[in-house]
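Chain residues, written in single-letter form:
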Amino acid sequence: MDDAVLMRVENLKMHFDVSKRLFSKKKTLLKAVDDVSLSLRRGRTFGLVGESGCGKTTLGRTIVRLYKPTAGRIWYSDADLSPLSDAALMPYRSKMQMIFQDSFSSLNPRMMVGDIIAEPLRIQHRFASAREERELVEALVERIGLRKDHISRYPHEFSGGQRQRIGIARALANTPEFIVCDEPISALDVSIQAQVINLLLDLQDQMGLTYLFVSHDLSMVRHISHEVGVMYLGHMVETAPVHELYSHMLHPYTEALMSAVPQADPDMAEKSRRIILQGDVPTPIDPPSGCPFRTRCPYPKPICEQVMPALQDVGHGHFVACHQAAGSNSSARSI
Ligand SMILES: Nc1ncnc2c1ncn2[C@@H]1O[C@H](COP(=O)(O)OP(=O)(O)O)[C@@H](O)[C@H]1O
Ligand code: SF4
Ligand SMILES: [Mg+2]
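These lines cover the structure that appears in this document, whether it is placed above or below. All of these numbers come straight from a predicted model, not from anything done at the bench.

Some points on unusual backbone geometry
For residues other than glycine, phi is negative in most cases, and the peptide bonds are mostly trans. The phi dihedral of Asn11 is positive, around 50°, even though this residue is not glycine. Tracing the chain through its elements places Asn11 in strand S1 (residues 5-17). The exposure class assigned to Asn11 is partly exposed, which follows from its relative accessible area of 42%. One non-glycine residue, Glu183, adopts positive backbone phi at about 50°. Within the secondary structure, Glu183 sits in the loop between strand S7 (178-182) and helix H7 (190-207). Since its relative accessible area comes to 10%, Glu183 is described here as buried.

So this is what it looks like as structure tokens:
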């Protein structure tokens, strides 16, 4: 694998058996992630966008092997994590961490901050002495912008932004290389969001961290990502380097998502037409035939009903899964 790439995901599928939940006698699968491939470059941020329920969290959780994938490969450097047992995964667990949207429910309310941060390492018996543990915890709280005296306080004594910092410190305790940031700022006040983002960017610079950054906020994703992927109904429908995607979006779904973002520049706002998506997102239990987006696409053709479009390379690191957009880069831009 290319040295610049830390992780590569190939044809990943995560299907949940929901037969029991639906009281169904026949096996019913919910295809939360269906045939997704992507590369995560070292020290870079891959921004992941798409409407609620399209599979972003499931993709993140499967990549860090909180789920065993239904199919596909997850390469971490040269190791395929997809078939590994819990025991065999141990050396990789500490290298891959997650930060969640809801910092309050992810922090144990009965534990003091110092214990919350040290816990992952205690479980692995990684401290030689109580002093070593205290020194590491103190260094971590300072690194994420809290004070040493915060160590002996409980989560409810902190603001949302501070709790998110504690979640970040806990994730950093293991000195990870890769962090899934799953909507880490969407529950925070706007004034606090920038502070947490700046902390994540500083940590990336200092520690060379690789992020998968899941967000609804397309302006934020543009600001912090190097590559961006757009998901729809369990599929990756478009990926590209950030400037390429935001200047030459090709997939009709990406176009619709972007058109909903308020434009700060009045000229741009006039030029960009607002595309209102019709209808609801179909269920991943019974997705449409052919293109998953065809029931809401403004430009469907007969082929879209019959053939699932594959993610195709259209140059400049840009990939798109659409029969019409992939045909020709320049003509596609006029659809
Ligand atoms: N553990 C699970 N069991 C069954 N279905 C799930 C599970 N987790 C997520 N799903 C379903 O998978 C789909 C994708 O969910 P999710 O990954 O949470 O999407 P997103 O993060 O983009 O909002 C949804 O239809 C959701 O209901
Ligand atoms: S393949 Fe067809 S239905 Fe799907 S996004 Fe492209 S034009 Fe629309
Ligand atoms: Mg989610």
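Side note on the site of ligand 2
Close contacts around ligand 2 come from His251, Pro252, Cys291, Phe293, Arg294, Cys297, Tyr299, Cys304, Pro309, Cys322, His323 and Gln324, and that covers them all. Of the pockets mapped on this structure, ligand 2 occupies the largest cavity.

Focus: the nonpolar core
Among the nonpolar cores identified, the biggest contains 60 residues, and Ile117 and Ile168 are the most heavily contacted of them. Looking at which domains feed residues into this core, each of domain 1 (5-95 + 176-332) and domain 2 (105-175) supplies at least three. In this structure, Ile168 is in contact with Ile99, Ile144, Val196, Leu199, Leu200 and Leu203, ignoring residues within four places of it in sequence. Membership of the second largest hydrophobic core comes to 28 residues, among which are Met7, Leu48, Met98 and Val214.

Thoughts on the environment of Glu10
Along the chain, Glu10 turns up in strand S1. Residue classification places Glu10 among the partly exposed residues on the basis of a relative accessible area of 23%. Taking the C-alpha atoms as reference points, Glu10 and Leu38, 28 residues apart in sequence, are found 6.8 Å from one another. Not counting the four nearest positions on each side in its chain, Glu10 is found in contact with Val36, Ser37, Gly72, Arg73 and Trp75. Within polar-contact distance, the side chain of Glu10 engages the side chain of Arg8 at 2.5 Å. A polar atom in the side chain of Glu10 sits 3.3 Å from the side chain of Trp75.

Some words on empty space enclosed by the protein
Enumeration over the complete set of coordinates arrives at 2 cavities of 30 Å³ or more. Taken as a whole, the largest cavity encloses approximately 90 Å³ of empty space. Together, 14 residues line the largest cavity, and Cys291, Cys297, Cys304, Cys322 and His323 are the ones closest to its centre. The residue inventory of the lining of the largest cavity, partitioned by class, reads 10 nonpolar, 3 polar and 1 charged.

Brief notes about the sheet that holds strand S3 (residues 45-49)
Strand order in the open sheet formed by 8 strands is S6-S7-S8-S3-S9-S10-S12-S11, and the pairing between neighbours is mixed. What marks the edges here is a single partner per strand, and that holds for strand S6 (96-99) and strand S11 (312-313). By the bridge criterion, 4 bridges tie S6 to S7 in an arrangement that is parallel. Note on S7: the bridge partner recorded for Met96 is Phe178. Relative to the sheet, helix H6 (residues 160-172) contacts S6 and S7, its axis offset from that of S6 by approximately 175°.

Some thoughts on the pattern of salt bridges
One pass over the full model with this rule turns up 13 salt bridges. A salt bridge links Asp86 to Arg93, with the nearest nitrogen and oxygen atoms 3.6 Å apart. Here Asp86 falls in the exposed class, since its relative accessible area comes to 56%. Arg122 serves as the salt-bridge partner of Asp115, at 2.8 Å between the closest nitrogen and oxygen. Classification of Arg122 as partly exposed rests on a relative accessible area of 33%. It is possible to trace a salt-bridge network through shared partners that takes in Asp115, Arg122 and Glu133.

What to know about the packing of H6 against H7
Relative orientation of the contacting elements H6 and H7 amounts to 20°, with a least axis distance of 10 Å. Classed by the angle they form, the pair H6 and H7 counts as roughly parallel. Of the two possible hands of crossing, H6 and H7 adopt the one that is right-handed. Of H7, the residues touching H6 (which contributes Gly161, Gln164, Arg165, Ile168 and Leu172) are Ile192, Gln195, Val196, Leu199, Leu200, Leu203 and Met207. Here the residues of the contact of H6 with H7 sort into 8 nonpolar, 3 polar and 1 charged.

As for the site of ligand 1
Close contacts around ligand 1 come from 15 residues, with Gly53, Gly55, Lys56, Thr57 and Thr58 the closest. Take Gly53: an N or O atom from its main chain is 2.6 Å from an oxygen atom of ligand 1. For ligand 1, whose accessible area on its own is 560 Å², the fraction buried by protein is 70%. Elements with a minimum of two residues in the shell around ligand 1: strand S2 (29-41) and helix H1 (56-63). If you tally residues by element for the shell around ligand 1, the top one is H1, at 3 residues. Taken together, the residues of the shell around ligand 1 break down into 7 nonpolar, 5 polar and 3 charged.

What counts and how
In this convention, every chain numbers its residues from 1, walking through the sequence in written order. Starting at A for chains and at 1 for ligands, labels are handed out in the order in which the entities are written. In keeping with the model being predicted, local features are shown solely for residues with a pLDDT of at least 70 and side-chain atom pairs are shown and tallied solely at 80 or more, while totals for entire chains, interfaces and linings include all residues. The side-chain quantities take in all heavy atoms of the structure and omit both hydrogens and water. Helix and strand assignments come from DSSP, with helices taken as H or I runs of at least 4 residues and strands as E runs of at least 2, each series counted from the N terminus. A simple rule labels every residue: compare its accessible area, found with a 1.4 Å probe on the protein chains alone, to the largest value its type can have, and call it buried under 20%, exposed over 50%, or partly exposed in between. The near set for a molecule or strand comprises every residue that places at least one heavy atom within 4 Å of it. Any residue with an atom within 4 Å of a point lines the site, the site being either a cavity, points on a 1 Å grid over the protein atoms alone where a 1.4 Å probe fits but cannot get out, or a pocket, an open set with protein on both sides within 12 Å along at least 5 of 7 lines. By definition, a pocket or cavity contains a molecule when more than half of the molecule's atoms lie within 2 Å of the pocket's grid points. Buried Ala, Val, Leu, Ile, Met, Phe, Trp, Tyr and Cys residues form a nonpolar core when they are joined through side-chain atoms within 4.5 Å. By convention here, the domain bounds are inherited from an automatic or database domain assignment. Pairs of residues are marked as contacts when any of their non-hydrogen atoms sit within 4.5 Å. Throughout this description, a polar contact denotes any pair of N or O atoms lying within 3.5 Å of each other; where both atoms belong to protein, one of them has to be capable of donating a hydrogen while the other can accept it, and for residues adjacent in sequence the pair is counted only when both atoms sit in side chains. Grid points are joined across faces, edges and corners, and a volume is the space filled by probe spheres set on the points. We call Asp, Glu, Lys and Arg charged. Ala, Val, Leu, Ile, Met, Phe, Trp, Tyr, Cys and Pro are nonpolar, and the rest, Gly among them, are polar. Strand pairing is defined by DSSP finding a minimum of two bridges between the two strands. Comment: axis = line fitted to C-alpha atoms, over the contacting stretch for helices; angle = value between 0 and 180 degrees taken between N-to-C directions. The term salt bridge refers to a side-chain nitrogen of Lys or Arg lying within 4 Å of a carboxyl oxygen of Asp or Glu. Roughly parallel covers angles under 35 degrees, roughly antiparallel covers those over 145, roughly perpendicular covers 65 to 115, and oblique covers all other angles. For any pair of crossing helices, the crossing counts as left-handed if the nearer helix is rotated counterclockwise from the farther one by less than a right angle, and right-handed if it is rotated clockwise. Using a 1.4 Å probe, the Shrake-Rupley method yields the accessible areas, and only the shown protein chains count as cover for residues.

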